[in-house]
Amino acid sequence: MKRLYLTSVRIDKLVELLPSRPEELKLAYIPTAADPYEDKWFIEADRKNLKELAFEFTEVDLKGQTEETLFETLSRFDIIFVSGGNTFYLLEKVRESGFDKIIGKLLDKGAIYVGASAGATLAGPDISPVADLDDPSKAKLENTKGLVLVNFVILPYYGKEKYMSRYQGIIDEYKDKFKLKTLTDDQAVWVENNSIMVL
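Let us look at the structure shown here. (Residues numbered from 1 in each chain as written. Predicted model: local features only at pLDDT ≥ 70, side-chain atom pairs only at ≥ 80, totals over all residues. Heavy atoms only, no water.)

**Examining the overall build of the chain**
Moving on, step 1. A count of helical and extended segments in the chain gives 6 helices and 9 strands.
Moving on, step 2. Taking 199 residues into account, the globule formula puts the C-alpha radius of gyration at 16 Å, and the chain, at 16 Å, falls close to it.
Moving on, step 3. Residue burial in the chain is summarised as follows: out of 199 residues, 49% are buried.
Moving on, step 4. In the chain, of all internal contacts separated by at least 6 residues, the share reaching a separation of at least 24 is 80%.
Moving on, step 5. Carbon and sulfur atoms provide 46% of the accessible area of the chain, an area that totals close to 9600 Å².
Moving on, step 6. Between the averaged position of the 27 positive side-chain charges in the chain and that of its 33 negative side-chain charges there is a distance of 2 Å. (Helix = DSSP H or I, 4+ residues; strand = E, 2+ residues; numbered from the N terminus. Rg over C-alpha atoms; globule rule 2.2 N^0.38 Å. Buried < 20%, exposed > 50% of the residue type's maximum accessible area, 1.4 Å probe, protein only. Contact = heavy atoms within 4.5 Å. Areas by Shrake-Rupley, 256 points an atom, 1.4 Å probe, with all protein chains shown as cover. Lys, Arg positive; Asp, Glu negative; His and termini not counted. Charge placed at Lys NZ, Arg CZ, Asp CG, Glu CD.)

**Re the pairing of strand E4 (residues 79-82)**
Moving on, step 1. Burial of the side chains of E4 extends over both faces: Ile 79 and Phe 81 are buried on one face and Ile 80 and Val 82 on the other.
Moving on, step 2. The pairing of strand E2 (residues 26-30) with E4 spans 4 bridges and is classified as parallel. Residue Tyr 29 lies in a different strand from E4, and its bridge partner there is Phe 81.
Moving on, step 3. Both E4 and strand E5 (residues 112-116) contribute to a ladder of 4 bridges, which runs parallel. Bridge pairing in E5 links Phe 81 to Val 114. (Pairing = 2+ DSSP bridges.)

Structure (structure tokens):
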């Protein structure tokens, strides 16, 4: 079974979709995408929200991991939460750690993938559409292929005034290359096998 919860920032809607109460599930929180930023306020916000929702979570950094050790570690968790930050840096660390090779196996074993912001965009076929919202220079990538867990590219923070002029350019440039799905800060997408629901 493939289950994914993709959002800009909204975590609380996940709770009603879970098979058990949050306190009965083990969550791995991956904050690696935030590394390039000095101010990691959004990571602190995630931690606060997860605690308020009664999740007990363990932080797992992708840096320095091998495919084998990472699979062994993440196999213990019911939910794998990939946080926001720099999408290009995140993709680089995903490949270096082997996360891209093991995430499909983890989903097959029943884990739920939660992606916020960069973590949501990462789940799609390619991250290039967010180049104008992000800083590609933070990573050295041969290509921008994503995890391909879904067949669409999440564009987070849609509706925010500071991004709107860039968003129109992104949509015009990429609408014929990829299936794009814009998400406001209040929205999320729930994917269960072939079913896709916007919350």
